[in-house]
Amino acid sequence: MNFDIPYFFELFPMVLPYLPITLFMAVISMIIAIVAGIVLAFITKNKVPVLHQLATLYISFFRGVPTLVQLFLIYYGLPQIFPSMSAMDAVTATIIGLSVKNSAYLAEIFRAALNSVDNGQLEACYTVGMTKLQAYSRIVLPQAVKNAIPATGNTFIGLLKETSLAFTLGVTELFAQGKIVASSSLKYLETYLVIAIVYWLLTVLYSYMQSLYEKRVNRPYET
């Protein structure tokens, strides 16, 4: 078997310095996507005139177009319409692309989570004198958040892996560095196996942290 074990272990220090840029793009994109997803979810749930139709079109488009195509549209296409965007760097374009794509998915997740809370609870809040803001913040949202955690976590795991597409825009992140190392050494199996293990360990770590958070959130509901 032609597998260079010593070189395999030498690869980790060569690619791990590029892990922070991968995590940076993933975390910032997820934060923006969550905020945008919440806004879209409330618009679609409450069927706000005009905004509801626009939000539905937004969700449909960004869920239906491949992520790589979206990144190319944003980085290469938009500067043709808005010349000022020519100064946009590849990292920013990646964050925008991943944010808008995942906000569309999160909007549907959050809308479903809000709909999972019985409307009778909202009506009960009104009967005791709560405002709509109080009803949502105290009763509806805590339950909706609990219901949305698993799907939201899966979305972040997918987003984390999608950051590897940033190399197509010229960003040297974890996967791009692996590609560079593999091309220079011609040890493709060792290199890409290291990259796969790093992504896998990140997913395992995040899944563990999510499980701890789920237990904490579900504690008040356990009998």
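Report on the accompanying structure. (Residues numbered from 1 in each chain as written. Predicted model: local features only at pLDDT ≥ 70, side-chain atom pairs only at ≥ 80, totals over all residues. Heavy atoms only, no water.)

Moving on, we get to the overall build of the protein chain. Counting secondary structure elements, the protein chain contains nine helices and zero strands. What you see in the protein chain, going N to C, is helices and strands ordered as α-α-α-α-α-α-α-α-α. Across its three principal axes, the protein chain shows a C-alpha extent of roughly 70 × 55 × 25 Å. Element-wise, carbon and sulfur atoms account for 68% of the exposed surface of the protein chain, whose accessible area totals about 12400 Å². Looking at charge distribution, the protein chain has the averaged site of its 14 positive side-chain charges lying 10 Å from that of its 11 negative ones. (Helix = DSSP H or I, 4+ residues; strand = E, 2+ residues; numbered from the N terminus. Areas by Shrake-Rupley, 256 points an atom, 1.4 Å probe, with all protein chains shown as cover. Lys, Arg positive; Asp, Glu negative; His and termini not counted. Charge placed at Lys NZ, Arg CZ, Asp CG, Glu CD.)

Attention now moves to the packing of aromatic side chains. In this description, an aromatic ring pair is defined by two values, namely the gap between the centres and the angle between the planes. For the structure on display, the rule yields twelve aromatic pairs. Here the aromatic rings of Phe3 and Phe8 are separated by 5.6 Å at their centres, their planes lie at 45°, and the arrangement is tilted. In this structure Phe3 comes out as partly exposed when scored by relative accessible area, which is 22%. Centre to centre, the rings of Phe8 and Phe9 are 5.2 Å apart; their planes meet at 80°, and the pair counts as edge-to-face. Using a relative accessible area of 10% as the deciding quantity, one classes Phe8 as buried. Judged by its relative accessible area of 54%, Phe9 falls in the exposed class. An aromatic cluster of three or more residues is present, and its members are Phe3, Phe8, Phe9 and Phe12. Lying over the aromatic face of Tyr7, Lys187 brings its terminal NZ or CZ to 5.8 Å of the ring centre. (Phe/Tyr/Trp six-rings, centres within 6.5 Å; stacked < 30°, edge-to-face > 60°. Buried < 20%, exposed > 50% of the residue type's maximum accessible area, 1.4 Å probe, protein only. Lys NZ or Arg CZ within 6 Å of the ring centre and 35° of its normal.)

Any functional reading would require information that these geometric values do not contain.
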